[in-house]
Amino acid sequence: MKKNGLMVLLAAVCLLAGCGKKDASLKDTESGYREDVSAQSLVEAVASELSDEYWADAELSPEFLDDWYGISEEMYEDFYGQTPMISANVDSLIVVKASGEHLEDVQNALDTYREAMVQDTFQYPVNIPKLQASRIATYGRYVCFVQLGGSMEGIEDDDEAAIEACRKMNERALSVIEGKLTE
């Protein structure tokens, strides 16, 4: 009987230790950000938060991510991105969960793309504040490219106000993403 009781106690300790390990693995101990959140769920959370002001509605394919942004499939474990269906608009949100050895490559690819768009002189004037306010943020292995702004109605002629409105929208989007990665 003592032997069975000891076995039960040992099994319980092993189960509890296993549960602790499972919970600890949800967060990268170095960065403090979760590792188990899908890129799609992060983008969908932003779309839900921004509601009618979220204009990116066309899903990016892996081929598009590679061709336009320079991020090939071996550089990531997961990604999800949306851009507008209408090419006259530039609202975009891309979340890439980089593979460990390619984190910097993903950051550099998105930064190169962003810089090219900011320098592009053939943009519609209404898109310039969105491009200027765009940014890249990294949370653990999740690299996010945000270029949002929605409607510029009423401020389209005030460059500084338009850029600030876009920055605030981008910050809201990143706040949602960071919140999901730290819960």
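The shown structure was predicted, so the numbers you read here are calculated from the model rather than taken from an experiment.

Cut-offs applied
- Residues numbered from 1 in each chain as written.
- Predicted model: local features only at pLDDT ≥ 70, side-chain atom pairs only at ≥ 80, totals over all residues.
- Heavy atoms only, no water.
- Helix = DSSP H or I, 4+ residues; strand = E, 2+ residues; numbered from the N terminus.
- Polar contact = N/O pair within 3.5 Å; in protein donor to acceptor, adjacent residues only side chain to side chain.
- Contact = heavy atoms within 4.5 Å.
- Buried < 20%, exposed > 50% of the residue type's maximum accessible area, 1.4 Å probe, protein only.
- Pairing = 2+ DSSP bridges.
- Expected span 1.5 Å × (residues − 1).
- Salt bridge = Lys/Arg side-chain N within 4 Å of Asp/Glu carboxyl O.
- Axes fitted to C-alpha atoms, helices over the stretch in contact; angles between N-to-C directions.
- Parallel < 35°, antiparallel > 145°, perpendicular 65-115°, else oblique.
- Left-handed = near helix turned anticlockwise from the far one by under 90°.
- Nonpolar A, V, L, I, M, F, W, Y, C, P; charged D, E, K, R; others polar.
- Phe/Tyr/Trp six-rings, centres within 6.5 Å; stacked < 30°, edge-to-face > 60°.

## Section: the side chain of Ser99
In this structure, Ser99 sits in the loop between strand 3 (92–98) and helix 4 (103–119). In this structure the side chain of Ser99 is engaged in a polar contact, spanning 3.3 Å, whose partner is the backbone oxygen of Glu74. Setting aside residues up to four positions removed in sequence, Ser99 forms contacts with Glu74, Met75, Tyr76, Glu77 and Arg141.

## Observations regarding the pairing of strand 2 (residues 76–83)
Walk down a regular strand and you will see the side chains alternate between the two sheet faces. Counting buried positions along strand 2 yields six of eight residues, so the element is predominantly enclosed. In this sheet, strand 2 lies alongside strand 1 (residues 58–59) in antiparallel orientation, the contact comprising two bridges. Residue Glu59 lies in a different strand from strand 2, and its bridge partner there is Gln82. Pairing geometry for strand 2 and strand 3, over six bridges, is antiparallel. When the bridges of strand 3 are listed, Tyr80 appears paired with Val95.

## Points about helix 6 (residues 159–182)
Taking 1.5 Å per residue as the helical rise, helix 6 with its 24 residues ought to reach 34 Å, and the 34 Å between its terminal C-alpha atoms agrees with that figure. Taken together, the buried positions of helix 6 are Ala162, Ile163, Cys166, Met169, Asn170, Ala173, Leu174, Val176, Ile177 and Leu181. In the core, the buried residues of helix 6 are packed alongside helix 2 (39–50), strand 3, helix 5 (128–133), strand 4 (135–139) and strand 5 (142–147).

## Quick notes on the environment of Met85
Looking at where Met85 falls in the secondary structure, it is placed in the loop between strand 2 and strand 3. According to the relative accessible area criterion, Met85 is exposed, its value standing at 67%. Setting aside residues no more than four positions away along its own chain, Met85 makes contact with Asp57 and Ala58.

## What about the pattern of salt bridges?
For the structure shown, the criterion picks out nine salt bridges. Note that Glu49 and Arg172 form a salt bridge whose closest N and O atoms lie 3.4 Å from each other. Linking Glu49 in helix 2 with Arg172 in helix 6, this pair joins segments that are 123 residues apart in sequence. Accessibility expressed as a relative area gives 40% for Arg172, which makes it partly exposed. Several salt bridges converge on common partners, so that one network encompasses Glu35, Glu77, Lys97 and Arg141.

## A few points about the packing of helix 2 against helix 6
Their axes nearest at 9 Å, the elements helix 2 and helix 6 cross at an angle of 130°. Between helix 2 and helix 6, the crossing angle belongs to the class labelled oblique. The element helix 2 and its partner helix 6 pack so that their crossing is right-handed. Residues Leu42, Ala45, Val46, Glu49 and Leu50 of helix 2 form the contact with helix 6, whose participating residues are Met169, Arg172, Ala173, Val176, Ile177, Lys180 and Leu181. In the contact of helix 2 with helix 6, the residues fall into nine nonpolar, no polar and three charged.

## Some points on unusual backbone geometry
For Ser51, which is not a glycine, the phi torsion comes out positive at approximately 50°. The residue Ser51 is located in the loop between helix 2 and strand 1 in this model.

## What about the sheet that holds strand 2?
The antiparallel open sheet is built from five strands, whose spatial order is 1-2-3-5-4. Edge positions in the open sheet fall to strand 1 and strand 4, since each of these has one partner strand only.

## Quick word on the environment of Leu60
Assignment of secondary structure puts Leu60 in the loop between strand 1 and helix 3 (62–69). We classify Leu60 as buried; its relative accessible area is 5%. Linking Leu60 and Thr83, residues 23 residues apart in sequence, is a C-alpha distance of 7.1 Å.

## Points about the packing of aromatic side chains
Scanning all chains against the criterion turns up seven aromatic pairs. For the ring pair Tyr76 and Phe79, a centre distance of 5.2 Å and an interplane angle of 70° mean the geometry is edge-to-face. Overall, the relative accessible area of 12% leaves Tyr76 in the buried class. Every member of this aromatic cluster is reached through a ring pair, and the members are Phe64, Trp68, Tyr69, Tyr113 and Phe145.

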